[in-house]
Amino acid sequence: MEYRIAVVPGDGIGPEVVAQTLKVLDKVGEVYGHSFKYEKVLAGGCAIDATGGCLPQETIDVCKASDAVLLGAVGGWKWDTLPGNERPEMALLGLRKELGLFANLRPAMLFEELADACPLKPEIIAGGLDIVVVRELTGGIYFGEKGTKDTAMGAAAYDVEQYSEGEVRRIAEVAFDMAMKRGKKVTSVDKANVLESSRLWRRVVAEVGDRFPEVELNNMYVDNAAMQLVRNPKQFDVIVTSNIFGDILSDEASMITGSIGMLPSASLATGNFGMYEPVHGSAPDIAGKDMANPMATILSAAMMLRYTFGLGKEADAVESAVKKVLADGYRTHDIAAEGEEAIGTEKAGDLIAANIG
Ligand code: NAD
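Residues numbered from 1 in each chain as written. Predicted model: local features only at pLDDT ≥ 70, side-chain atom pairs only at ≥ 80, totals over all residues. Heavy atoms only, no water.

Peer 1: It is not clear to me how the overall build of the chain should be interpreted in this structure. Could you clarify?
Peer 2: Scanning the chain from terminus to terminus reveals 12 helices and 12 strands. The C-alpha atoms of the chain give a radius of gyration of 20 Å, which matches the 21 Å a tight globule of 357 residues would have. With the C-alpha coordinates of the chain rotated into their principal frame, the extents come out at 60 × 50 × 45 Å. Out of the 357 residues in the chain, the part that is buried amounts to 52%. (Helix = DSSP H or I, 4+ residues; strand = E, 2+ residues; numbered from the N terminus. Rg over C-alpha atoms; globule rule 2.2 N^0.38 Å. Buried < 20%, exposed > 50% of the residue type's maximum accessible area, 1.4 Å probe, protein only.)

Peer 1: Would you take a moment to explain the side chain of Thr308 for this structure?
Peer 2: Turning to its location among the elements, Thr308 is positioned in helix H10 (residues 295-308). Engagement of the side chain of Thr308 in a polar contact is seen with the side chain of Tyr276, the distance being 2.6 Å. Beyond its immediate chain neighbours, meaning those up to four positions away, Thr308 contacts Asp67, Ala68, Asn272, Phe273, Gly274, Tyr276 and Met303. (Polar contact = N/O pair within 3.5 Å; in protein donor to acceptor, adjacent residues only side chain to side chain. Contact = heavy atoms within 4.5 Å.)

Peer 1: I would appreciate a short explanation of helix H7 (residues 196-210) in the present structure.
Peer 2: Side chains that are three or four residues apart share a direction in an α-helix, a result of its 3.6 residues per turn. With 15 residues, H7 extends 22 Å between its outermost C-alpha atoms, agreeing within 8% with the 21 Å of an ideal straight helix rising 1.5 Å per residue. Those residues of H7 not exposed but buried are Ser197, Ser198, Trp201, Val204, Val205, Val208 and Gly209. Down the axis of H7, the smallest arc covering the buried residues is 145°, so these residues share one side. With respect to the buried face of H7, the exposed residues turned more than 90 degrees away are Glu196 and Asp210. (Expected span 1.5 Å × (residues − 1). Arc of directions from axis to C-beta.)

Peer 1: Just to check I follow, could you spell out the packing of helix H1 (residues 14-32) against helix H12 (residues 345-354) for this structure?
Peer 2: Geometry of a packed helix pair, given as the angle between the helix axes and the separation of the axes. It is the contact of H1 with H12, at a shortest axis distance of 9 Å, that shows an interaxial angle of 15°. Judged by the angle between their axes, H1 and H12 are roughly parallel. For the pair H1 and H12, the crossing hand works out as right-handed. Residues Glu16, Gln20, Lys23, Val24 and Lys27 of H1 form the contact with H12, whose participating residues are Thr345, Glu346, Gly349, Asp350, Ile352, Ala353 and Ala354. In the contact of H1 with H12, the residues fall into four nonpolar, three polar and five charged. (Axes fitted to C-alpha atoms, helices over the stretch in contact; angles between N-to-C directions. Parallel < 35°, antiparallel > 145°, perpendicular 65-115°, else oblique. Left-handed = near helix turned anticlockwise from the far one by under 90°. Nonpolar A, V, L, I, M, F, W, Y, C, P; charged D, E, K, R; others polar.)

Peer 1: Mind showing me how you'd approach the pattern of salt bridges here?
Peer 2: Pairs may arise between side chains of opposite charge once their charged atoms sit close together. All chains considered together, the criterion is met by 23 salt bridges. A salt bridge links Glu346 to Lys23, with the shortest nitrogen-to-oxygen separation between them at 3.6 Å. Note that Glu346 is positioned in helix H12 and Lys23 in helix H1, a separation of 323 residues in sequence. One salt bridge in this structure joins Asp130 and Arg182, with 3.3 Å as the shortest N-O distance. Taken as a pair, Asp130 in strand S5 (residues 129-136) and Arg182 in the loop between helix H6 (165-180) and strand S8 (185-190) lie far apart in primary sequence, 52 residues in all. Under the relative-accessibility criterion, Asp130 is labelled partly exposed at 37%. Residue classification places Arg182 among the partly exposed residues on the basis of a relative accessible area of 24%. When salt bridges with common partners are traced through the structure, they connect Lys23, Glu346 and Asp350 into a single cluster. (Salt bridge = Lys/Arg side-chain N within 4 Å of Asp/Glu carboxyl O.)

Peer 1: What am I meant to see in the state of the cysteines here?
Peer 2: By definition, a disulfide links two cysteine residues through a covalent bond between their sulfur atoms. Scanning all chains against the criterion turns up zero disulfides. Looking at Cys46, it has no disulfide partner, and the nearest cysteine sulfur is the one in Cys54, 10 Å off. (Disulfide = S-S within 2.5 Å.)

In C-alpha cells:
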C-alpha cells in the first residue's frame, strides 16, 4: 500500500525529531512492504520567514490532499516579539480549523523503564499505566461567544461554554471506538452538578454509550477526576471530556509519565484523517545541538499507523522498538539520570529504526 503523508517539520527541534521519525517510518515500510510518500511543507516561523505568513495556502492544500499529517513543532525566540495573531503558533489553530480536527488524543503511557521519572509513589503505578485522554478540540468555551461589559462592580468579561448534541456525539463516538480497541472503559468527565452544558454532554455521551454495550461508562466530575488521576490513575482507560477540561487533565495525565520528550499526540477529523505531533514545543534552547528526544514524534507516528492507516501490527512494532531501546539502557538527555551518559537525537533514531522487525 502507498500512504501519502504531509510533513510539516516546523521550527527549532521540529526538523530534527521529524527526520528521525521518517527514518523509522522508512524502516517500517521496508520491513512490512508499505510505501510512505512524504511531501514537506512549511508552517510556523520558517513559513513567516519564507512567505510572510505562518500558514501558507500551499501547506493547507498539501495537508488536505494527504492521508495524514506529521508535524514537528512551531515557534521560537526569533518570532516572540510579533503580535499574538501573527505568531508561528497560529499555524496550529489554522491547521486544526482547516483540517476539521475535532478530537485530540493524548495517551499517557508509563514505560516501566522510566518509572523513576514518575512523580507518583511506586505502589500507585505498579504494573504500569496506559490512559488516553480524548479532548474535544474545536468547541466549548475557547470558541464560544466572548466579550466585555460594564457592571455595577466595574468592567466585566465573559466567555461562553456551549456544546451542541452533534459536537458531543462525534467526540463520544471517538472515545467509545477507542475503548473497544483497548480496555473497554470510558470515563466521561464533566461538571454536570453545576453546568447546563455538562448535563447535555452527559446525556448525549450516555446515548452513544448505549450503542457500545461492551464498554463500561462512568461519569465523573472534573474536580474529582483531577484528584483521581494522581490518587488512583490505574482506574482509567479512556477519558473523554470537553475542550477546557481536557486541556488541563491531559497535561496532568502526561506529567505522570515523566518527560515531555516521550509524549505523543493525535488530532483526528472524520474519516480517520489525522494530524500527529509531539506534545512538546520547538525547544529553542536545545535546537541544532543533537540533544532532542525524538521518541515523542516517533510514538506519534505509531499512532498514525494505528489510527489513520489501520496498521496495528506496525504501530506495535514501533512502540516495541522504543521500549527495547529504553530497556537496553539508552537515554536521551531529557530522560538520563544525573551523571548517566546520554545519546543524541540521531543515534536514538538509528537505534529505534534498527529495532523494527
Ligand atoms: P518546549 O516544549 O519547547 O520546551 C520546554 C522544555 O522542555 C525545554 O527546556 C526544552 O528543551 C525541553 N524539551 C522539549 N521537547 C524536548 C525533547 N523532545 N527532548 C528534550 N527536551 C525537550 O516549550 P516552551 O519552551 O514553552 O516553548 C518553546 C517554543 O515552542 C515556543 O515558541 C512555544 O510557543 C512553542 N510551542 C509549540 C508547540 C507546538 O508546536 N505544538 C507546543 C508548545 C510550545
